[in-house]
Amino acid sequence: MKIGLKIVSTFVFVILGIFIIAFFAQYITTGTNFFETLGMIFSEKCRASLSLETVSGCTMKARILSSNCLGKEYKISEDSCSSDARCYGTINYDSFQASCAWTDLSGSHDYILCVDGKKKDSKSITC
């Protein structure tokens, strides 16, 4: 009886150890953790995409498309979801689209579309 318990507990500790090592390895290599990527397995229903174009000079025009994000807040910002918003609003329909424009400094820019604080899409543009 004691040998069986030792085998089972050893097996559980080995599996737990592998999980913890994988968790830290994933965080170090990708900057994300297991719980952030669970959405790929248990797919999150809210989807959103961003498209960008330059209208003239450094005036950017953005188009946001989303589905199944009713009632959530969207925001376009540069570099991260915590940066100042270039464009923001509330998603009012299950199938939603919006557009907005702003002027920025010349150069290369990375814009991120966030829905309720979570990154959904990103695009780079140079003007």
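Above this note sits the structure.
What you see is a predicted model, and the numbers here were worked out from it, not measured in a lab.

Per the stated rule, a full pass over the model turns up 3 salt bridges. With its nearest N and O atoms 2.7 Å apart, the salt bridge here joins Glu78 to Arg86. A salt bridge links Asp121 to Lys123; the shortest N-O distance between them is 3.2 Å. The class of Asp121 is buried, set by a relative accessible area of 16%.

What follows concerns unusual backbone geometry. One non-glycine residue, Asn68, adopts positive backbone phi at about 60°. Along the polypeptide, Asn68 turns up in the loop between strand S2 (59-67) and strand S3 (73-78). Of note, the phi angle at Asp116 is positive, near 50°, even though the residue is not glycine. As for its placement among the helices and strands, Asp116 is situated in the loop between strand S6 (108-115) and strand S7 (118-126). The class of Asp116 is partly exposed, set by a relative accessible area of 44%.

All right, on to the side chain of Asp104 then. As for its placement among the helices and strands, Asp104 is situated in the loop between strand S5 (95-103) and S6. Looking at Asp104, its side chain comes within polar contact range of the side chain of Arg86, at 3.2 Å. A distance of 2.6 Å separates a polar atom in the side chain of Asp104 from a polar atom in the side chain of Tyr111. Those residues in contact with Asp104, other than ones at most four positions away along the chain, are Cys58, Met60, Glu78, Arg86, His109 and Tyr111.

Ordered in space as S4-S3-S6-S7, the 4 strands form an open sheet in which the pairing is antiparallel. What marks the edges here is a single partner per strand, and that holds for strand S4 (85-90) and S7. Along the sheet, successive strands turn relative to each other by an average axial angle of 15°, direction set aside. Strand direction decides the pairing type here: S3 and S4, joined by 5 bridges, are antiparallel. Across the sheet, the residue bridging to Tyr74 is Gly89, located in S4.

Rules of the game
Each residue is numbered by its place in its chain's sequence as written, counting from 1. A pLDDT threshold of at least 70 governs which residues receive local features in this predicted model, and a stricter bar of 80 or more applies before side-chain atom pairs are shown or counted, although totals over entire chains, interfaces and linings include all residues. Side-chain descriptors were evaluated using all non-hydrogen atoms of the structure, hydrogens and water having been removed beforehand. Throughout this description, the term salt bridge denotes a Lys or Arg side-chain nitrogen within 4 Å of a carboxyl oxygen of Asp or Glu. Partly exposed describes any residue whose relative accessible area lies between the buried limit of under 20% and the exposed limit of over 50%, with all areas from a 1.4 Å probe on protein chains only and scaled to the type maximum. The helix and strand labels rest on DSSP assignments: H or I over at least four residues marks a helix, E over at least two residues marks a strand, and numbering proceeds from the N terminus. A 3.5 Å cut-off defines polar contacts: any pair of N or O atoms within that distance qualifies, except that in protein one atom must be a possible hydrogen donor and the other a possible acceptor, and neighbouring residues in sequence count only when both atoms are side-chain atoms. Two residues form a contact once any of their heavy atoms are found within 4.5 Å. Strands are treated as partners if at least two bridges between them are detected by DSSP. Only the stretch in contact is used when a helix axis is fitted, and all axes are lines through C-alpha atoms; the angle between N-to-C directions ranges over 0 to 180 degrees.

Interpretation in functional terms is not warranted from these geometric data alone.
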